[in-house]
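One-letter residues, chain by chain:
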Amino acid sequence: MIHVKFFASVRERVGSAEMQLPCPPGGFTVEEVLTMVEGQAGTEFHDVHLLASLNQQHVPFTALVKDEDEVAFFPPVTGG
Amino acid sequence: MIVKVQKEDFELSAACAEMATLSGAGALVTFVGTVRDYSDASDILSLEIEHYPGMTEKELERVSKEAAQSYDILDSLIIHRYGLLQPQDNIVLVAVWSRHRAAAFDACRFLIDVLKTSAPFWKKEITPQGSRWVTDCPGCRAGSREGHSHAVHPVHPDHRLHSS
């Protein structure tokens, strides 16, 4: 399984803080994980800035996701 | 190099005094960020800060190591709060010790600038009109030392923006 987390406005839009997705043998890209999330949540993120992390490191959406990885989607950060 | 992510408030002098005595230190530069009581459009009643436990600490440690490698400093301390805060409350403390002032000033500026564009914190403003997520990118507003661009900045190189 792929463990997906959502934060801030993305979490509110998805309606959940976490989601588990089955991982195909060849893995997914982060972009493909997001497409799965959009299908399951019934929403799309084409109109917003999104960042992604893989195993708690910032990654591009082309990064490859393997079984048991942790992926997160969130808006640009606003700390400090 | 110490990083703390906590709900509790901090006190500047006490937090710095907790660090081990640094032989050779001739400068201590600190930055404290606090909650404003206004934003561009409204008064702010309170501020909710959310973060990504685990990744937050890793990112703060990463930028601290980067500062230690890039500047001639002796040590650094970052404390960042989360949870519900009130106007004038402390949000973040960055402290840097060095032999001479220039490195401490530069590293402190570097740490807060990079932190604001890479550490996974998100602010939600509670105003008289309701609550709303802060959406402006601090990197765009403040500008980091290297210059900030969504397209090329190393800390968020792949903002995903589609025009639908």
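Structure's up top.
A quick note: this is a predicted structure, and the numbers were derived from the prediction, not measured.

### Brief notes about the overall build of chain A
At step 1: Across its full length, chain A holds 2 helices and 7 strands.
At step 2: In chain A, the succession of α and β elements from N to C terminus is β-α-β-β-α-β-β-β-β.
At step 3: The C-alpha radius of gyration computed for chain A amounts to 12 Å, which stays within 12% of the reference 12 Å derived for 80 residues, consistent with globular compactness.
At step 4: Overall, chain A is about 35 × 30 × 20 Å in size when its C-alpha atoms are taken along their principal axes.
At step 5: Counting every position in chain A, which comprises 80 residues, the buried fraction comes to 50%.
At step 6: Within chain A, contacts between residues separated by at least 24 positions form 53% of all contacts whose residues are at least 6 apart in sequence.
At step 7: Accessible area for chain A stands at about 3400 Å²; split by element, carbon and sulfur atoms hold 53% of it.
At step 8: One way to put it: in chain A the 4 positive side-chain charges average out to a point 6 Å from where the 11 negative ones average out.

### Some details on the packing of aromatic side chains
At step 1: Scanning all chains against the criterion turns up 6 aromatic pairs over all chains.
At step 2: Measuring from ring centre to ring centre gives 5.2 Å for Phe74(A) and Trp122(B), while their planes differ by 55°; the resulting arrangement is tilted. With one member in each of two chains, Phe74(A) in strand S7 (residues 70-74) and Trp122(B) in strand S7 (residues 121-127) form a pair that bridges those chains.

### Points about the nonpolar core
All names here are of chain B.
At step 1: Ranked by internal contacts, the top residues of the largest apolar core, which has 29 residues, are Leu60, Val94, Val96 and Leu111.
At step 2: Elements supplying a minimum of two residues to this core: strand S1 (2-6), strand S2 (27-34), strand S3 (46-51), helix H2 (55-70), strand S4 (73-81), strand S6 (90-98) and helix H3 (101-118).
At step 3: The greatest single-element share of this core, amounting to 9 residues, is contributed by H3.
At step 4: For Val94, the contacting residues outside a window of four places in its chain are Val29, Thr30, Phe31, Leu77, Ile78, Cys108, Leu111 and Ile112.

### A closer look at the interface of chain B and chain A
At step 1: Contact with chain B, which involves 36 residues of that partner, is made by 32 residues of chain A.
At step 2: Carbon and sulfur atoms make up 56% of the area that chain B and chain A hide from each other, which totals about 2800 Å².
At step 3: In this assembly, chain B and chain A are joined by 2 salt bridges.
At step 4: For the salt bridge of Arg11(A) with Glu50(B), the shortest nitrogen-to-oxygen distance reads 2.4 Å.
At step 5: There are 13 residue pairs in polar contact (both at pLDDT 80 or more) connecting chain B and chain A.
At step 6: Listed by contribution, the elements that provide at least two residues to the side of chain B that touches chain A are S3, H2, S6, H3 and S7 of chain B.
At step 7: Among the elements that take part in the side of chain B that touches chain A, H3(B) stands out by supplying 5 residues, more than any other.
At step 8: Across the side of chain B that touches chain A, the residue classes tally to 16 nonpolar, 11 polar and 9 charged.

The rules behind each value
- Residues numbered from 1 in each chain as written.
- Chains lettered and ligands numbered in written order.
- Predicted model: local features only at pLDDT ≥ 70, side-chain atom pairs only at ≥ 80, totals over all residues.
- Heavy atoms only, no water.
- Helix = DSSP H or I, 4+ residues; strand = E, 2+ residues; numbered from the N terminus.
- Rg over C-alpha atoms; globule rule 2.2 N^0.38 Å.
- Buried < 20%, exposed > 50% of the residue type's maximum accessible area, 1.4 Å probe, protein only.
- Contact = heavy atoms within 4.5 Å.
- Areas by Shrake-Rupley, 256 points an atom, 1.4 Å probe, with all protein chains shown as cover.
- Lys, Arg positive; Asp, Glu negative; His and termini not counted.
- Charge placed at Lys NZ, Arg CZ, Asp CG, Glu CD.
- Phe/Tyr/Trp six-rings, centres within 6.5 Å; stacked < 30°, edge-to-face > 60°.
- Core = buried A, V, L, I, M, F, W, Y, C linked by side-chain atoms within 4.5 Å.
- Buried area = accessible area lost by both parts, 1.4 Å probe.
- Salt bridge = Lys/Arg side-chain N within 4 Å of Asp/Glu carboxyl O.
- Polar contact = N/O pair within 3.5 Å; in protein donor to acceptor, adjacent residues only side chain to side chain.
- Nonpolar A, V, L, I, M, F, W, Y, C, P; charged D, E, K, R; others polar.

Purely geometric stuff here, so don't read any function into it on its own.
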